[in-house]
Amino acid sequence: MPSQKSIAVATAREPKRERGMQRVAAILDAGAAVFAEKGYDAATMTEVAARSNTAIGSLYRFFPTKEVLADVLLARYGERIHASLDAITADAADLDAARLADRLVDLMSTLRSDRAAAIALMDARGDADGRRSRLRADMRASLAGILAVAGKVPPAQGARVASTLLSQMRSVGPLIDEEAAGLPGLLNELRTMLQCYLAHVFDTAGAKRKP
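What counts as what
- Residues numbered from 1 in each chain as written.
- Predicted model: local features only at pLDDT ≥ 70, side-chain atom pairs only at ≥ 80, totals over all residues.
- Heavy atoms only, no water.
- Helix = DSSP H or I, 4+ residues; strand = E, 2+ residues; numbered from the N terminus.
- Buried < 20%, exposed > 50% of the residue type's maximum accessible area, 1.4 Å probe, protein only.
- Contact = heavy atoms within 4.5 Å.
- Areas by Shrake-Rupley, 256 points an atom, 1.4 Å probe, with all protein chains shown as cover.
- Lys, Arg positive; Asp, Glu negative; His and termini not counted.
- Charge placed at Lys NZ, Arg CZ, Asp CG, Glu CD.
- Salt bridge = Lys/Arg side-chain N within 4 Å of Asp/Glu carboxyl O.
- Expected span 1.5 Å × (residues − 1).
- Arc of directions from axis to C-beta.
- Axes fitted to C-alpha atoms, helices over the stretch in contact; angles between N-to-C directions.
- Parallel < 35°, antiparallel > 145°, perpendicular 65-115°, else oblique.
- Left-handed = near helix turned anticlockwise from the far one by under 90°.
- Nonpolar A, V, L, I, M, F, W, Y, C, P; charged D, E, K, R; others polar.
- Polar contact = N/O pair within 3.5 Å; in protein donor to acceptor, adjacent residues only side chain to side chain.
- Core = buried A, V, L, I, M, F, W, Y, C linked by side-chain atoms within 4.5 Å.

(A) Examining the overall build of the protein chain more closely. Assigned secondary structure in the protein chain consists of eleven helices and zero strands. When its helices and strands are written in sequence order, the protein chain yields α-α-α-α-α-α-α-α-α-α-α. Reported as C-alpha extents along the three principal axes, the dimensions of the protein chain are approximately 70 × 40 × 35 Å. Residues counted as buried form 41% of the 211 residues belonging to the protein chain. Considering only intrachain contacts with a sequence separation of at least 6, the fraction spanning at least 24 residues in the protein chain is 70%. For the protein chain, the computed accessible surface area is about 11400 Å², with 54% contributed by carbon and sulfur atoms. Side-chain charges in the protein chain split into 29 positive and 25 negative, and the spacing between the mean points of these groups amounts to 4 Å.

Okay, here's the thing in structure tokens:
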């Protein structure tokens, strides 16, 4: 077992070649799936190696400890969330309520496994509440900015709407699970609900701007 000192200084090894980058991506995807399914404590590096079809020695070469792998996965989730919201922000001026609703649902669908893994990792480690609060605050700020551009929603209303959107966006993963269990169409229902809600928000914001 590595000493506490070795764990403290252990860091992920960044691959230099395309093949190594692909291998690391496969390990991270497998790690996200394993942590999401089993939680941090029950997940093993052996299972991550098997799930990613990676030799255990190669896994440890890139990620010396399970803690390092968890840290990288948490960082990747944050980076992907921010990159996705930045992309929506860049397109916000051309998004109506329907298209914005679709983009938000698609974002959470794409990052479903990453989000589930991040929740499991934050729950198992210190400062879970702090990490979640910071992430939610960042997402609320990004959503409020998107609403300001897409629907000319004023800041106070935008903050409320952003919080409401976040609460609904978190339901994407469970709805996908329910669809897989034999209740199809749930995600489309969520899309429709968000489209109607955002259309109302945009209309309300427009009405407030009229003299």
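After presenting the structure, the write-up continues.
(B) The pattern of salt bridges, seen in detail. Counting across every chain of the model gives twelve salt bridges. For aspartate 106, the salt bridge is made with arginine 191, and the minimal N-O distance between the two is 2.6 Å. Of this pair, aspartate 106 sits in helix α6 (residues 97-110) while arginine 191 sits in helix α11 (residues 186-209), and the two are 85 residues apart along the sequence. Across the pair arginine 132 and aspartate 123 runs a salt bridge whose closest N-O atoms are separated by 2.6 Å. Take arginine 132: its relative accessible area is 26%, and that puts it in the partly exposed class. Judged by its relative accessible area of 49%, aspartate 123 falls in the partly exposed class. Taken together, the salt bridges that share partners define one network made up of Asp29, Arg76, Arg80 and Asp114.

(C) Seen up close, the environment of leucine 111. Take leucine 111: it is sitting in the loop between α6 and α7 (112-124). Among the residues examined, leucine 111 registers a relative accessible area of 5% and is labelled buried. It is 9.6 Å that separates the C-alpha atoms of leucine 111 and serine 84, two residues lying 27 residues apart in sequence. In this structure leucine 111 touches Tyr77, Arg80, Ile81 and Ser84, once residues within four positions along its chain are discounted.

(D) Representation of helix α9 (residues 155-169) in the model. Between the first and last C-alpha of α9 there are 20 Å, a value that for 15 residues agrees with the 21 Å anticipated at 1.5 Å per step. Every buried residue belonging to α9 is among Gln157, Gly158, Val161, Ala162, Leu165, Leu166 and Met169, and all of these are buried. End-on view of α9: buried residues confined to an arc of 165 degrees, all on one side of the axis. Exposed side of α9, more than 90 degrees from the buried face: Ala156 and Arg160 are the residues found there.

(E) Structural detail: the packing of helix α2 (residues 18-42) against α7. Closest axis-to-axis distance for the α2/α7 pair is 8 Å, and the angle between their directions is 40 degrees. In terms of orientation, α2 lies oblique with respect to α7. For the crossing formed where α2 meets α7, the hand is left-handed. Between α2, through Ala32, Ala33, Phe35, Ala36, Gly39 and Tyr40, and α7, the contact on the second element is made entirely by Ser113, Asp114, Ala116, Ala117, Ala120, Leu121 and Ala124. A breakdown of the residues in the contact of α2 with α7 according to their chemical character gives ten nonpolar, two polar and one charged.

(F) Representation of the side chain of lysine 66. Looking at the element boundaries, lysine 66 is found in helix α5 (residues 66-91). A distance of 2.7 Å separates a polar side-chain atom of lysine 66 from the backbone oxygen of tyrosine 40.

(G) Spotlight on the nonpolar core. Formed by 62 residues in total, the largest nonpolar core has its most connected members in Phe63, Leu69, Leu100, Leu143, Leu165, Leu198 and Phe202. If one sorts the elements of this core by residue count, α5 sits on top with nine residues. Excluding anything up to four places from it in sequence, phenylalanine 202 contacts Leu95, Asp96, Ala97, Leu100, Leu147, Ala150, Gly151 and Val153.

Any functional reading would require information beyond the geometric quantities listed.
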